[in-house]
Amino acid sequence: MTDPTTEILLVCGRDRDILPLSEIPSETQALRAACQPVKPSDAAGTMALKGEAGIAEGPDCRGVPVVAAVRPIPGTTWSIVVKMDNTVIYAPARHQVLQAAVIIFLLILAAGLSVGVLWRQRNISFYREALDLERERGTLAQRFEHLMKHANDIILLASQDGTIREANDRAVQAYGASPAEMRKMKLPELCAPSSRAEALCRTEELKASGGTLF
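Quick caveat, the model's predicted, so the values are computed rather than measured. (Residues numbered from 1 in each chain as written. Predicted model: local features only at pLDDT ≥ 70, side-chain atom pairs only at ≥ 80, totals over all residues. Heavy atoms only, no water.)

Thoughts on the overall build of the protein
The secondary structure content of the protein amounts to seven helices and seven strands. Counting over 214 residues, the protein shows a buried share of 24%. Surface exposure of the protein reaches about 14,900 Å², of which carbon and sulfur atoms provide 60%. (Helix = DSSP H or I, 4+ residues; strand = E, 2+ residues; numbered from the N terminus. Buried < 20%, exposed > 50% of the residue type's maximum accessible area, 1.4 Å probe, protein only. Areas by Shrake-Rupley, 256 points an atom, 1.4 Å probe, with all protein chains shown as cover.)

So this is what it looks like as structure tokens:
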């Protein structure tokens, strides 16, 4: 079935007139009289007047953009023109472009959602591992605190310069100083004056090797 916007015309190169061959849509009939002769703005009509063959794209006598095929009739000054409105010809292409744009948008959206889900799972895994590690550290700290408090041996924690940071109950009992007083002392101060020089040497050895026994 022919599209309502399709027209078949004869253009006379000598008289510069347009003769419609196809049935003219009712909305165009009122304008047909004003479409004669060929207007300079009529791309297809101008091509037909020149006796050229090919495809013309531009406004017709109505001022509506069309795509027209122009063919001269051999042995005459006439040319035949078949034209259709641009909106009809390019409608499928526009529809396909719109479909492609929607599909691309959906793909981008799906990719974004996938990345978001993966990122969320990664964050959850990271925080879960951090929580497990913190719980493990808390458990170790509790065990160490229990060991420090109830051990029968003297246990001291000191900084790099030998300042005492922590002392267990056994150390407090043995040295006769309160925990607050011991945290103000350094390891060599716990030794007798005669052995403090050796204790200083052992402290330097401890810093250098990471351990010492005396």
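Still more to cover.
With respect to the nonpolar core
Counting eleven residues, the largest nonpolar core consists of Leu-9, Val-11, Val-38, Ala-44, Met-47, Ala-48, Leu-49, Ala-56, Ala-68, Val-70 and Val-81. Listing elements by their share of this core, those giving two or more residues are strand 1 (7–12), helix 2 (43–49) and strand 4 (65–72). Take this core: its biggest share by element is four residues, from helix 2. What Ala-48 contacts, discounting residues up to four positions off in sequence, is Val-11, Val-70, Ser-79 and Val-81. (Core = buried A, V, L, I, M, F, W, Y, C linked by side-chain atoms within 4.5 Å. Contact = heavy atoms within 4.5 Å.)

Comments concerning the pairing of strand 3 (residues 54–59)
As paired elements, strand 3 and strand 4 share six bridges and run antiparallel to each other. Within strand 4, the residue paired with Pro-59 across the bridge is Pro-65. Between strand 3 and the antiparallel strand that follows it, strand 4, lie five residues; Gly-63 among them carries a positive phi value of about 85°. (Pairing = 2+ DSSP bridges.)

Overview of the packing of aromatic side chains
Inspection of every chain in the model, using the stated rule, returns one aromatic pair. Considering the side-chain rings of Phe-126 and Tyr-127, the 5.5 Å spacing of their centres and the 65° angle between planes classify their relative orientation as edge-to-face. Accessibility expressed as a relative area gives 57% for Tyr-127, which makes it exposed. (Phe/Tyr/Trp six-rings, centres within 6.5 Å; stacked < 30°, edge-to-face > 60°.)

Details of the pairing of strand 4
Judged from the seven bridges that link them, strand 4 and strand 5 (residues 78–85) form a sheet pairing that is antiparallel. Opposite Val-66, over in strand 5, you have Asp-85 as the bridge partner. Where strand 4 folds back onto strand 5 in an antiparallel hairpin, the turn is made up of five residues, including Gly-75, whose phi is positive at roughly 80°.

Here we look at a nonpolar patch on the surface
Together, Leu-98, Val-102, Phe-105, Leu-106, Leu-109 and Leu-113 give the surface a local cluster of nonpolar side chains, amounting to about 590 Å² of exposed area. Taking the relative accessible area as the measure of exposure, Val-102 reaches 41% and is therefore partly exposed. (Patch = residues over 30% accessible without salt bridge, like charges linked within 9 Å, V, L, I, M, F, W, Y side chains within 5 Å. Salt bridge = Lys/Arg side-chain N within 4 Å of Asp/Glu carboxyl O.)

Topic: the environment of Val-67
The residue Val-67 is located in strand 4 in this model. A relative accessible area of 16% means that Val-67 is categorised as buried. Separated by 20 residues in sequence, Val-67 and Thr-87 place their C-alpha atoms 9.7 Å apart. Not counting residues up to four positions away in its chain, the partners in contact with Val-67 are Ile-55, Ala-56, Glu-57, Val-82, Lys-83, Met-84, Asn-86, Ile-89 and Tyr-90.

A short note on the environment of Ala-199
With respect to the helices, strands and loops of the structure, Ala-199 is situated in helix 7 (residues 196–209). In this structure, the C-alpha to C-alpha distance between Ala-199 and Pro-188, residues eleven residues apart in sequence, is 5.6 Å. Apart from residues no more than four positions distant in its own chain, Ala-199 is found in contact with Pro-188 and Cys-191.

Observations regarding the side chain of Thr-163
As for its placement among the helices and strands, Thr-163 is situated in the loop between strand 6 (156–158) and strand 7 (164–167). Overall, Thr-163 belongs to the buried group, its relative accessible area being 13%. Ignoring anything within four residues of it in the chain, the contact list for Thr-163 reads Leu-157, Ala-158, Arg-183, Met-185 and Lys-186.

Here we look at the side chain of Asp-85
Here Asp-85 shows up in strand 5. In this structure, Asp-85 is in contact with Thr-5, Arg-62, Val-64, Pro-65 and Val-66, ignoring residues within four places of it in sequence.

Things to note about helix 7
The end-to-end C-alpha distance of helix 7 is 20 Å, a good match for the 20 Å that 14 residues give at a rise of 1.5 Å each. Positive phi shows up at Gly-210, right after helix 7, with a value of about 90°. (Expected span 1.5 Å × (residues − 1).)

A word on the confidence of the model for the protein
Fine structural detail should not be taken from predicted coordinates in areas where pLDDT scores are low. On average, the protein scores 78 in pLDDT, and the residues at 70 or more come to 85%. Taking the mean pLDDT of every element in the protein, the minimum, 48, falls on helix 1 (residues 26–32) and the maximum, 86, on strand 4. Low pLDDT (under 50) marks residues 27–35, which in the prediction has 14 contacts with non-local residues, meaning those over four places away or in another chain. (pLDDT = per-residue confidence, 0-100.)

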